[in-house]
Amino acid sequence: MPFRVEDTLSNILRAYPFMQNQTAKLAESQATQTHWTVEQIETLLKLPFSDLIYRAQQVHREHFDANALQLSTLLSIKTGGCSEDCGYCSQSSVNATDVRNQKLMEVEAVVAAARAARAGGATRFCMSAAWREPCDRDLEIVAKMVSEVRALGMETCATLGMLSGEHAAQLREAGLDYYNHNLDTAPELYGEIITTRTYQDRLDTLEHVRSAGISVCSGGIVGLGENLTQRAALIAQLANLDPYPDSVPINNLVKIEGTALADAADLDPLDFVRTIAAARITMPKAYVRLSAGRQGMSDAVQALCFLAGANSIFYGDQLLTTGNPEIERDRALMGKLGMYPLADKCC
Ligand code: SAM
Ligand code: DTB
Ligand code: SF4
């Protein structure tokens, strides 16, 4: 029988409601899903772009005001000289970078920075230290910082490296709301990026944090040279944590001269957006933070990230050792998109 375009078209049209129905059924069955296979997430990442964003928007709007953005300000309270060998990081003593080492800041200086961040509109203040793990003496000082920042009425977050159960309990006691500790990448790629601590060490820290009653902030970095399966595997690891993290930072690698990953290949920005969408769909109630890498992103790509379900950013001109969009640029972007800072605060 000769091939007729009309027949093919009519077959497709006849099948279309069925296909739509199947997609809707799949979305429905995944709405309450708590375990995700890597293959399922790969399937999400490979969806037609519009279908993926549509799914992510549906999930996002079910749980959040889609126009509200949570603003966190980051401060490096101890910079450089870190004993770990994370291939992406300017603060590792293994990497030959220009970063100037700075000892742990004074409590008063940290509180002053938090006050300034609050005045600028941030609701969460995240204190970061370039440590493998804090020692007892430093932990006491950070605990003091936490209680004083919390007294300003801000949510507190810290990222200090690995954390023991006792240190986690001490920080909770001081009023710590969130602890950030990223899985960074897929287990299969991890050993090529970091050799000085294991994936299991990271999972153990997250367990200590959760057990102490602190909310978990954990995400990763994309653009490390991972393939699509490995990107899916990172999201699967996060989504399958029980429960999944309250906050999920998705960092786009900031390539820093002198680091092992300084020459990593650029990730297609649309693949970055897809990763955000997969995080939103698989972790519906988490704050998904569009984290490092925004300075090099156009407004249009950032807008796509928000459309894909990102609802948090680092707000302030500086990340840790690299820049972040200026506050004026972020205010202008929020204005253009009709977005506003999330007003909720913990206390
Ligand atoms: N030292 C602590 C630790 O590693 O747990 C806390 C600070 S560390 C800088 C926090 C996270 O920042 C890393 O786990 C990584 O995900 C992210 N990060 C560091 N350097 C980065 C870079 N160049 N590009 C993107 N993300 C980066
Ligand atoms: C996270 O996931 N990203 C932040 C924060 N947690 C500590 C750090 C980004 C660092 C970007 C590179 C730098 O400024 O050194
Ligand atoms: Fe150290 Fe953290 Fe940088 Fe790794 S990411 S080198 S642990 S500061």
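An account of the accompanying structure is given in this report. Everything quoted here is computed from the prediction, not taken from an experiment.

Before going further, it helps to examine the site of ligand 1. Thr159, Asn182, Asp184, Arg197 and Val254 are the nearest of the 18 residues found near ligand 1. With respect to ligand 1, the backbone of Trp131 contributes an N or O atom lying 3.4 Å from a nitrogen atom. Contacts to ligand 1 include Asn182, whose side-chain N or O atom sits 2.9 Å from an oxygen atom. The cavity that encloses ligand 1 is the largest cavity. Of all the secondary-structure elements, those providing two or more residues to the shell around ligand 1 are strand E2 (124-129) and strand E7 (247-252). Its residues assigned to classes, the shell around ligand 1 comprises nine nonpolar, seven polar and two charged.

On to the layout of surface pockets. A volume near 340 Å³ is recorded for the largest pocket. Asn252, Leu253, Asp266, Gly293 and Gly296 are, among the 20 residues lining the largest pocket, the residues nearest its centre. Of the residues that constitute the lining of the largest pocket, the class distribution is nine nonpolar, eight polar and three charged.

It is the contact of helix H4 (residues 107-119) with helix H5 (residues 136-150), at a shortest axis distance of 10 Å, that shows an interaxial angle of 30 degrees. Between H4 and H5 lies a crossing whose hand is right-handed. Here H4 contributes Val107, Val110, Val111 and Ala114 to the contact with H5, which in turn contributes Ile141, Lys144, Met145, Glu148 and Val149. Here the residues of the contact of H4 with H5 are counted per class, giving seven nonpolar, no polar and two charged.

What counts, and at which threshold
- Residues numbered from 1 in each chain as written.
- Chains lettered and ligands numbered in written order.
- Predicted model: local features only at pLDDT ≥ 70, side-chain atom pairs only at ≥ 80, totals over all residues.
- Heavy atoms only, no water.
- Near = heavy atom within 4 Å.
- Polar contact = N/O pair within 3.5 Å; in protein donor to acceptor, adjacent residues only side chain to side chain.
- 1 Å grid on protein atoms, 1.4 Å probe; cavity = no way out; pocket = protein on both sides within 12 Å on 5 of 7 lines; lining within 4 Å.
- Sits in = over half its atoms within 2 Å of the grid points.
- Helix = DSSP H or I, 4+ residues; strand = E, 2+ residues; numbered from the N terminus.
- Nonpolar A, V, L, I, M, F, W, Y, C, P; charged D, E, K, R; others polar.
- Points joined across faces, edges and corners; volume = space filled by probe spheres on them.
- Axes fitted to C-alpha atoms, helices over the stretch in contact; angles between N-to-C directions.
- Left-handed = near helix turned anticlockwise from the far one by under 90°.
- Contact = heavy atoms within 4.5 Å.

Read these as spatial facts, not as claims about activity.
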